[in-house]
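Analysis of the macromolecular model
The chain contents come next:
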Amino acid sequence: DARGYQNLFRVYWQAELKNNEYDVPVCAEGTAPEQCIFVLTNEGVAKETFWSADPTGQIPWPKDGSGIQLIYAGGHCHVGCISLDLINLDTGATICHQEPSHGTKVAPGDNAMDEAGYATSIPPCEWGDDPRDNLPPPVVIRPTDRVQIIGRYNATRMRSRTDPSVDPRTSDIAHYGVMSMYQMRATFEKLPKTDVHV
């Protein structure tokens, strides 16, 4: 029975402003590991920053100023990722904080999906309005809300500078082509209240 359910639409945001990838510069030699962190932030107004799954598409924000309700936020990041945050700058609230699980294997062999330093899973943030799901209520983001995305990466080189496979022209890069983005699902704030299941 489909009654009582809503379709979710896709909401998307990349920290690197539709460029998708960026390089993490390596820390200076001698930097303590706990301080060897690269942080990329991006801020914007929701109606100008969030877009549909197609980067050329726009979310049809309601004309009455009401917003969207987030039901799911799945961050995406790469090797060396420490955390991702989605923040409402107007309220100061952290909408979603995620820390990936990392691979552990370093020895040669079949390490696929469990390679040391690589993000192997990133538990998503989920919301719902059915008490049976034991989830927090959906987060409302209005079109004029100022939002921020923060990506934190370990900026330690995975390979030594003396490794012969390291191109000396790129010795200042810790990780290539990483990402910090959120792929989300939402409903409109003013739709009739119904059960939403992820």
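Look up: the structure comes first, before these words.
What you see is a predicted model; the values in this text were computed from it and never measured.

Digging into the overall build of the chain
Looking only at helices and strands, the chain features one helix and 13 strands. Start at the N end of the chain and walk to the C end: the helices and strands fall as β-β-β-α-β-β-β-β-β-β-β-β-β-β. The buried share among the 198 residues of the chain stands at 39%. Sequence-distant contacts in the chain: of pairs separated by 6 or more residues, those separated by 24 or more amount to 75%. Of the accessible surface of the chain, which amounts to about 11,000 Å², a share of 52% is contributed by carbon and sulfur atoms.

Side note on the state of the cysteines
Applying the stated criterion across every chain, the model contains three disulfides. Through a disulfide, C77 is tied to C81; the S-S separation comes to 2.2 Å. Given an S-S torsion of about -85 degrees, the disulfide between C77 and C81 has left-handed geometry. For C96, the disulfide goes to C125, at an S-S distance of 2.1 Å. Of note, the bridge from C96 to C125 carries an S-S torsion of about 85 degrees and is right-handed in sense. Within this pair, whereas C96 is found in strand β6 (residues 93–98), its partner C125 is found in strand β9 (residues 125–126), the two being separated by 29 residues in sequence.

Focus: the packing of aromatic side chains
All told, the structure shown has three aromatic pairs when counted by the stated rule. Residues F9 and F188 carry aromatic rings whose centres are separated by 4.6 Å and whose planes lie at 35 degrees to one another, so their mutual orientation is tilted. With a gap of 179 residues between them, F9 in strand β1 (residues 9–14) and F188 in strand β13 (residues 180–188) connect regions that are remote in the sequence. On the basis of an interplanar angle of 80 degrees and a centroid distance of 5.6 Å, the ring pair of Y12 and W51 is categorised as edge-to-face.

Structural notes on unusual backbone geometry
Backbone geometry places N134, a non-glycine residue, at a positive phi of 55 degrees. Within the secondary structure, N134 sits in the loop between β9 and β10 (139–141).

Focus on the pattern of salt bridges
Going through the model one piece at a time under the given rule, you end up with five salt bridges. Residue R146 is joined to D90 by a salt bridge in which the shortest nitrogen-to-oxygen separation is 2.8 Å. Here D90 lies in the loop between β5 (81–88) and β6 and R146 lies in strand β11 (residues 146–154), a separation of 56 residues in the sequence. According to the relative accessible area criterion, R146 is partly exposed, its value standing at 38%. Among the residues examined, D90 registers a relative accessible area of 42% and is labelled partly exposed. Across the pair D130 and R132 runs a salt bridge whose closest N-O atoms are separated by 2.3 Å.

Side note on the nonpolar core
F50, L70 and M184 are the most contacted members of the largest nonpolar core, which has 38 residues in total. At the level of elements, β1, β2 (22–25), β4 (68–77), β5, β6, β11, β12 (173–178) and β13 are the ones that each hand at least two residues to this core. If we skip the residues at most four places from it in the chain, M184 touches F9, R10, V11, Y12, W13, F50, L70, Y72, A73 and L86.

A look at the pairing of β12
Of all six residues making up β12, five are buried, and the element is well covered by its neighbours. The pairing of β2 with β12 spans three bridges and is classified as antiparallel. Each residue of the ladder has a partner; that of V24, found in β12, is H175.

Considerations on the pairing of β11
In this sheet, β11 lies alongside strand β3 (residues 37–45) in antiparallel orientation, the contact comprising nine bridges. Directly across from V45, in β11, lies its bridge partner R146. As defined by bridge partners, β5 adjoins β11 across seven bridges and the pair is classed as antiparallel. Looking across to β11, one finds that I87 is bridged to Q148.

The rules behind each value
Residues numbered from 1 in each chain as written. Predicted model: local features only at pLDDT ≥ 70, side-chain atom pairs only at ≥ 80, totals over all residues. Heavy atoms only, no water. Helix = DSSP H or I, 4+ residues; strand = E, 2+ residues; numbered from the N terminus. Buried < 20%, exposed > 50% of the residue type's maximum accessible area, 1.4 Å probe, protein only. Contact = heavy atoms within 4.5 Å. Areas by Shrake-Rupley, 256 points an atom, 1.4 Å probe, with all protein chains shown as cover. Disulfide = S-S within 2.5 Å. Phe/Tyr/Trp six-rings, centres within 6.5 Å; stacked < 30°, edge-to-face > 60°. Salt bridge = Lys/Arg side-chain N within 4 Å of Asp/Glu carboxyl O. Core = buried A, V, L, I, M, F, W, Y, C linked by side-chain atoms within 4.5 Å. Pairing = 2+ DSSP bridges.

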